[in-house]
Amino acid sequence: MDDTLHHADITLYHLEEVDSTNNFVKQHVLELPDGALVYADVQTAGRGRLDRRWVSMRGNFFGTLLMKKLPDPFLGTMVVSLAALDVLRELAPEVDVWLKWPNDLYVDDAKLAGILSESVLLPDKTRCIAVGLGVNLALSPEQLSAIDKPAASAGYGKINPEKFASKLAKSAKMYYIMGMSCSRDLFALWQERNEVVGMELVLEMGGNKSVAGVVSRIGDDGALIMRDAQGREKSYYCGDVSVNRESVRLARAGRKSGMI
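Residues numbered from 1 in each chain as written. Predicted model: local features only at pLDDT ≥ 70, side-chain atom pairs only at ≥ 80, totals over all residues. Heavy atoms only, no water.

Trainee: What should I look at first to understand the sheet that holds strand β1 (residues 11-18) in this one?
Mentor: Within a sheet, adjacent strands bond to each other through the backbone by hydrogen bonds, running parallel or antiparallel. Here we have seven strands laid out as an open sheet, ordered β1-β2-β3-β7-β6-β5-β4, and mixed in their pairing. Sheet topology places β1 and β4 (97-100) at the edges, where each strand pairs with a single neighbour. Neighbour-to-neighbour, the strand axes of this sheet turn through a mean angle of 20°, independent of strand direction. Here strand β5 (residues 104-107) runs beside strand β6 (residues 110-121); their pairing, made up of three bridges, is antiparallel. (Pairing = 2+ DSSP bridges. Helix = DSSP H or I, 4+ residues; strand = E, 2+ residues; numbered from the N terminus. Axes fitted to C-alpha atoms, helices over the stretch in contact; angles between N-to-C directions.)

Trainee: Would you mind showing me how to read unusual backbone geometry here?
Mentor: Trans is the common state for peptide bonds, and a negative phi is the common state for residues other than glycine. Backbone torsion omega between Trp101 and Pro102 reads -5°, so that peptide bond is classified as cis. As for its placement among the helices and strands, Pro102 is situated in the loop between β4 and β5. One non-glycine residue, Asp108, lies in the positive phi region at around 55°. By secondary structure assignment, the location of Asp108 is in the loop between β5 and β6. Judged by its relative accessible area of 34%, Asp108 falls in the partly exposed class. Positive phi is not limited to glycine here, since Lys125 has a value of about 75°. Residue placement: Lys125 occurs in the loop between β6 and β7 (127-135). (Buried < 20%, exposed > 50% of the residue type's maximum accessible area, 1.4 Å probe, protein only.)

Read these as spatial facts, not as claims about activity.
Now the structure itself:
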């Protein structure tokens, strides 16, 4: 266990400007130590899933955690999403943040933070993962309204990105250790904290294909299990999830009351 703790140290690296923290980590993967958390004041080419542009203005958080001991990007997503959820609930308790399958942090029906987990092939043919995190900490209501999908901000500039990075490093270390020592425990915690169960949603599959339904549960393999209008259940492993505010409110109220 002592060896695991040693190799899970998180080291912060601060950049003033970079095209993308994920790109930087992948380009410098051999020089950076395991557990490097690289964050930048500004990204000039920030991106999220499906190569969507991520608004990367100063005052918000953009960072990437390098994990050389976890080869599975899915486990890396769990480490960072759980750590970010903890930090946001500590630094912005007035903001009701929730975790949406598979990796986004939301406030009501609006995205607060997004995660991009990428596998990196090393010269010895092993793999490690670079997990990028973008959190809206300082976007104004006007800036949020200019984004093409519902978006939220935590604190509107009250949370310092450096403080967020420091807190994230401490929280991520705990979950990284959990992932290395007992990945099933990490998965169970991620599964428990996902709050999509009971929500009506639309899952965009790409190629102009989408499915609608109610989330029955998250499977033991991480799949999103949805029930359609005919009551049939089907498992989905990827896709872009859209939710509506009323469905979120009802499902989360039911969860808190113990009905879900």
